[in-house]
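# Per-entry structural report
In case you want the letters, here they are:
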Amino acid sequence: MKRTFVLTAVLLAGLTACGGSTSTVGQAPTPTPTPTPTPSPTQPRLCPTPGPATDLTQKPTYTVPKTPAPLETTTKDIVVGTGPAAKNGDSVTVKYVGVNYKTGAEFDSSWKISCDNTFAFDIGGNVIPGFSKGVTGMQVGGRRLVVIPPKDGYGSQGPVPGGSLAFIIDLVAIG
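Residues numbered from 1 in each chain as written. Predicted model: local features only at pLDDT ≥ 70, side-chain atom pairs only at ≥ 80, totals over all residues. Heavy atoms only, no water.

### Topic: the packing of aromatic side chains
In total, this model carries eight aromatic pairs according to the counting rule given. Here phenylalanine 131 and phenylalanine 167 contribute two aromatic rings whose centre-to-centre distance is 4.9 Å and whose plane-to-plane angle is 85 degrees, an arrangement assigned as edge-to-face. Separated by 36 residues along the polypeptide, phenylalanine 131 in helix H2 (residues 129-135) and phenylalanine 167 in strand E6 (residues 165-174) bring together distant segments of the chain. The two residues phenylalanine 131 and phenylalanine 167 agree in class, both being buried. Taken together through their ring pairs, the aromatic side chains of Tyr96, Phe107, Phe119, Phe121, Phe131 and Phe167 make up a single cluster. Between the NZ or CZ atom of lysine 95 and the centre of the ring of tryptophan 111, over which it lies, the distance is 4.6 Å. (Phe/Tyr/Trp six-rings, centres within 6.5 Å; stacked < 30°, edge-to-face > 60°. Helix = DSSP H or I, 4+ residues; strand = E, 2+ residues; numbered from the N terminus. Buried < 20%, exposed > 50% of the residue type's maximum accessible area, 1.4 Å probe, protein only. Lys NZ or Arg CZ within 6 Å of the ring centre and 35° of its normal.)

Put into structure tokens, the structure is as follows:
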């Protein structure tokens, strides 16, 4: 009998060491922690799920309005920044999401590459007029909704031919 007990104990110890289980009914198995992958310096950091509109660390979401698109470029601050205000001619760095005003379909976003990806341009320079108008007066650290009619956007060309655009823009830096 003693020999059977020792053999059983040795077998159970061997199973446990090899990943087997000695749990009995009613006992929950111990979960094995899963390591969280860390992005490499060459791999972009994945963005968190969209959160509150005011959390500038997360990609913003757009809610399709029930009203028709305005005939002029309009802006609405979602978060008012605390830094300096952008003016015509300034070199600025932004993050943005561009959507079809009417449907909310995303056509472009700096966030699609990574959370840290930005876009730099000169206000009044190499972007559509409505984008420059929308950033002018914005303060660093702010988030703004900019609605752009076709005349200040891509007109009958571009991602929303003849349609209005909506951009949610975060002003990251001036200069």
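Resuming the write-up.
### Quick word on the environment of glycine 175
Along the polypeptide, glycine 175 turns up in the segment after E6. For glycine 175, a relative accessible area of 82% puts it in the exposed group. The sequence separation of glycine 175 and aspartate 122 amounts to 53 residues, and the corresponding C-alpha distance is 9.3 Å.

### So, the pattern of salt bridges
Where charged atoms of side chains with opposite charge meet at close range, the side chains can pair. All told, the structure shown has seven salt bridges when counted by the stated rule. The partner of glutamate 106 in a salt bridge is lysine 59, and the shortest N-O contact between them spans 2.9 Å. Residue glutamate 106 is located in strand E3 (residues 106-109), and its partner lysine 59 is located in the loop between helix H1 (2-17) and strand E1 (74-79); the two are separated by 47 residues in the primary sequence. The salt bridge involving lysine 112 is made with aspartate 108; its shortest N-O contact spans 3.2 Å. (Salt bridge = Lys/Arg side-chain N within 4 Å of Asp/Glu carboxyl O.)

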